[in-house]
Amino acid sequence: MTTTPDTTIRATLLFLAGMALIALLYLTRELMAPFALAIFVWLIIDAFARWMDNLSPKFPYWLALTIAVLIVVALMAGFILVIADTVGDVVRDAPRYEKRLSEIFAWISNVTGRETMSFESMNESFGLTEKIQGGLTTFASTVQGVLSEFFLIALYVVFLFAAQSSFPKKMDDLFPNMERRKQAAKVGARIRTSIEKYLSVQTIISLMQTVISYIAMTALGLDNALFWALVIFVLNYIPIVGGLFAVGLPVIFALVQFDSLGRVGLLAALLFGAQTIIGNTIQPKMMGDSMNLSALVVILALSVWGALWGGVGAFLSAPLTVIIMIILAQFPTTRWIAVMLSADGNPDMENEGDEVIPSL
């Protein structure tokens, strides 16, 4: 006599396992977040090196890898130098910004017809100057923390490349059955292809938006335009809300710097216009189905991963969710979750008919 599995018990165990996994990810965030970021950096460098290697048979992989690593290190060093230079500029120009803030408060009083607190009185009441200085100190310590994390991530990346040659042997040992091995290799290749496509497209899109924004900010005379361009480049990797924050921050800064609201409005129109056009036309065509996540899932993933791992979680929320979706799609017990996460109901992101791994 055949017995049907108790779906209630399975659902309960699945829910408890999910909660335990979320708790584990949160408790180990200081360890797992840098390692996850290191894996994605490793994928970016390896994909870039393989792309250069395929350009010519006379271009060996080791040389391509060396060039890719040097480019990434140079970009990181340049980003850190720009941050340090910007902090110095903000401290030097702080009196000018305070004067402009006083003018803004006075303008608000004239427009509304109500007496509002001046910047000087607010500064005396709430200690704004001290808070700004404290914020700059916190920012500097954050940069120092990023530097320490950078060396840890770099160490992880080095060991990932060192262990790369042993991955095929480990796959053979993990899956002695040939059919299981082929299916696992197919899933791994699908994950890698999806993540590499996502990261490459996001990098190209971010570069396009960064170049356009930098030209607009430089043409209008915005201070520290290079810094804001780098902020736009980085924040564009965060799905949906990252792009809005990326262009919103320099516009807010422009309110403090510029005397003319017309220049602020023109800058906002150029930045938000470029963001909207690229995000709604070019990006969907380039991205295709590499993510295959619904918009609601992207927002929820951003909230969950951001709560678990902070900025790193927000940065990696979309690719991490895609990895989970593809893995869950391989098991009948959890496939329904992957279907719910997907945008088109096909979490495999391939033609139907792929073999599903039997339930554990």
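From a predicted model like this one, the values you see are computed outputs, not experimental measurements. (Residues numbered from 1 in each chain as written. Predicted model: local features only at pLDDT ≥ 70, side-chain atom pairs only at ≥ 80, totals over all residues. Heavy atoms only, no water.)

A look at the overall build of the chain
Filter applied, for reference: For helices the rule is a DSSP run of H or I covering at least 4 residues; for strands it is a run of E covering at least 2, with both sets numbered from the N terminus onward. A 1.4 Å probe rolled over the protein chains alone gives each residue an accessible area, and that area as a share of the maximum for its type sets the label: buried under 20%, exposed over 50%, partly exposed in between. Here a residue-residue contact requires only that any non-hydrogen atoms of the pair lie within 4.5 Å. Residue exposure ignores everything except the shown protein chains as possible cover, and the areas themselves are Shrake-Rupley values with a 1.4 Å probe.
Across its full length, the chain holds 13 helices and zero strands. Taken from N to C terminus, the helices and strands of the chain fall in the order α-α-α-α-α-α-α-α-α-α-α-α-α. By the burial criterion, 36% of the 360 residues in the chain qualify as buried. If you take every contact in the chain between residues at least 6 apart in sequence, the share linking residues at least 24 apart comes to 67%. Split by element, the accessible area of the chain, about 20700 Å² in all, is 72% carbon and sulfur.

Considerations on the confidence of the model for the chain
Just so we agree on the cut-off: A score between 0 and 100, pLDDT records how confident the predictor is in each residue.
Taken over all residues, the pLDDT of the chain has a mean of 77, while the share at 70 or more is 76%. Between residues 351–360, whose pLDDT stays under 50, and residues either more than four places distant or in other chains, the model counts 25 contacts.

Re the packing of aromatic side chains
This is how the line gets drawn: Only Phe, Tyr and Trp rings are paired, with Trp represented by its six-membered ring, and only when their centres lie within 6.5 Å; those with planes under 30 degrees apart are stacked, over 60 edge-to-face, the remainder tilted. To sit over a ring, a charge needs its Lys NZ or Arg CZ within 6 Å of the ring centre and within 35 degrees of the ring normal.
Here the structure, examined in full by the defined rule, presents eight aromatic pairs. Each residue in the set Phe 227, Trp 228 and Phe 253 is aromatic and connected to the rest through ring pairs, giving one cluster. Between Arg 192 and the ring centre of Trp 42, over which it is positioned, the NZ or CZ distance is 5.3 Å. Taking the ring centre of Phe 258 as reference, the NZ or CZ of Arg 263 above it sits at 4.1 Å.

Side note on helix 2 (residues 29–55)
Where we set the bar: In a helix, the anticipated span is given by 1.5 Å times the number of residues less one.
Taking 1.5 Å of rise per residue, the 27 residues of helix 2 would be expected to cover 39 Å, and the 39 Å separating its terminal C-alpha atoms lies within 8% of that figure. Listed in full, the buried residues belonging to helix 2 are Ala 33, Pro 34, Ala 36, Leu 37, Ala 38, Phe 40, Trp 42, Leu 43, Ile 45, Asp 46, Ala 49 and Met 52.

Digging into the packing of helix 8 (residues 178–220) against helix 9 (residues 225–235)
What counts is decided by this rule: Inter-axis angles, ranging from 0 to 180 degrees, are taken between N-to-C directions of lines fitted to C-alpha atoms, where helices are fitted over the stretch in contact. Any angle that falls under 35 degrees is termed roughly parallel, while one over 145 is termed roughly antiparallel, one within 65 to 115 roughly perpendicular, and all others oblique. Whether a crossing is left-handed or right-handed is set by the direction in which the near helix is turned from the far one by less than a right angle, anticlockwise for left-handed and clockwise for right-handed. In this count, Pro and Cys sit with the nonpolar residues alongside Ala, Val, Leu, Ile, Met, Phe, Trp and Tyr, while Asp, Glu, Lys and Arg are called charged and the others, Gly among them, polar.
Close contact between helix 8 and helix 9 brings their axes to 8 Å; oriented N to C, the two are set at 155°. The orientation of helix 8 relative to helix 9 falls into the category roughly antiparallel. As for the relative orientation of helix 8 and helix 9, their crossing is right-handed in sense. Across from Thr 203, Ser 206, Leu 207, Gln 209, Thr 210, Ser 213, Tyr 214, Met 217 and Thr 218 in helix 8, the residues of helix 9 making contact are Ala 225, Leu 226, Trp 228, Ala 229, Ile 232 and Phe 233. A breakdown of the residues in the contact of helix 8 with helix 9 according to their chemical character gives nine nonpolar, six polar and no charged.

Description of the nonpolar core
How we decide: In this description, a nonpolar core means a group of buried Ala, Val, Leu, Ile, Met, Phe, Trp, Tyr and Cys residues linked to one another through side-chain atoms lying within 4.5 Å.
Core analysis: the largest hydrophobic core is formed by 42 residues, its most contacted members being Trp 305 and Trp 309. For this core, the elements supplying multiple residues, two or more each, are helix 2, helix 3 (61–92), helix 6 (128–163), helix 8, helix 12 (295–328) and helix 13 (335–341). For this core, the element with the most residues is helix 12, which contributes 13 residues. Apart from residues lying up to four places away in sequence, Trp 309 is in contact with Leu 25, Arg 29, Met 32, Ala 33, Ala 36 and Leu 320.

Observations concerning unusual backbone geometry
Although it is not a glycine, Asn 224 adopts a positive phi angle of roughly 55°. Looking at the element boundaries, Asn 224 is found in the loop between helix 8 and helix 9.

Things to note about the packing of helix 1 (residues 7–27) against helix 12
Interhelical geometry of helix 1 versus helix 12 gives an angle of 30° and a closest axis separation of 8 Å. It follows from the interaxial angle that helix 1 and helix 12 lie roughly parallel. In this structure, helix 1 meets helix 12 at a crossing whose hand is right-handed. Here Ile 22, Leu 25 and Tyr 26 of helix 1 lie close against helix 12, whose contacting residues are Trp 305, Ala 307, Leu 308 and Trp 309.

Here we look at the side chain of Ser 206
Positionally, Ser 206 belongs in helix 8. The class for Ser 206 is buried, based on a relative accessible area of 0%. If sequence neighbours within four positions are ignored, Ser 206 has contacts with Phe 233, Asn 236 and Tyr 237.

What to know about the pattern of salt bridges
The test is simple: What counts as a salt bridge is simple: a side-chain nitrogen of Lys or Arg found within 4 Å of a carboxyl oxygen of Asp or Glu.
Taken as a whole, this structure holds four salt bridges when the rule is applied. Between Glu 196 and Arg 50 there is a salt bridge, with the nearest N and O atoms lying 2.4 Å from each other. In this pair, Glu 196 sits in helix 8 while Arg 50 sits in helix 2, placing the two residues 146 residues apart along the sequence. On the accessibility criterion, Glu 196 (18% relative accessible area) is buried. Its relative accessible area of 31% is what places Arg 50 among the partly exposed residues. For Arg 192, the salt bridge identified is with Glu 196, shortest N-O distance 3.0 Å. Residue Arg 192 and its partner Glu 196 are both found in helix 8; the two are separated by four residues, about one turn of the helix.

Side note on the side chain of Asp 46
If you trace the backbone, Asp 46 turns up in helix 2. Asp 46 sits in the buried class, given a relative accessible area of 1%. Setting aside its immediate chain neighbours within four residues, Asp 46 contacts Tyr 61, Phe 161, Gln 164 and Arg 192.

What about the environment of Phe 159?
On the secondary structure map, Phe 159 appears in helix 6. As for Phe 159 and Trp 42, which are separated by 117 residues in sequence, their C-alpha atoms are 9.9 Å apart.

Brief notes about the environment of Asn 236
Our working rule: A 3.5 Å cut-off defines polar contacts: any pair of N or O atoms within that distance qualifies, except that in protein one atom must be a possible hydrogen donor and the other a possible acceptor, and neighbouring residues in sequence count only when both atoms are side-chain atoms.
Note that Asn 236 resides in the loop between helix 9 and helix 10 (241–257). Taking relative accessible area as the criterion, Asn 236 reaches 8% and is therefore assigned buried. Along the backbone, Asn 236 and Leu 207 are 29 residues apart, and their C-alpha atoms lie at a distance of 9.4 Å. Excluding residues within four positions of it along the chain, Asn 236 makes contact with Gln 202, Ser 206, Gln 209, Gly 243, Ala 246 and Gln 275. One polar contact links the side chain of Asn 236 to the main-chain carbonyl oxygen of Ile 232, over a distance of 2.7 Å. Polar contacts involving the side chain of Asn 236 include one to the side chain of Gln 275, which spans 3.0 Å.

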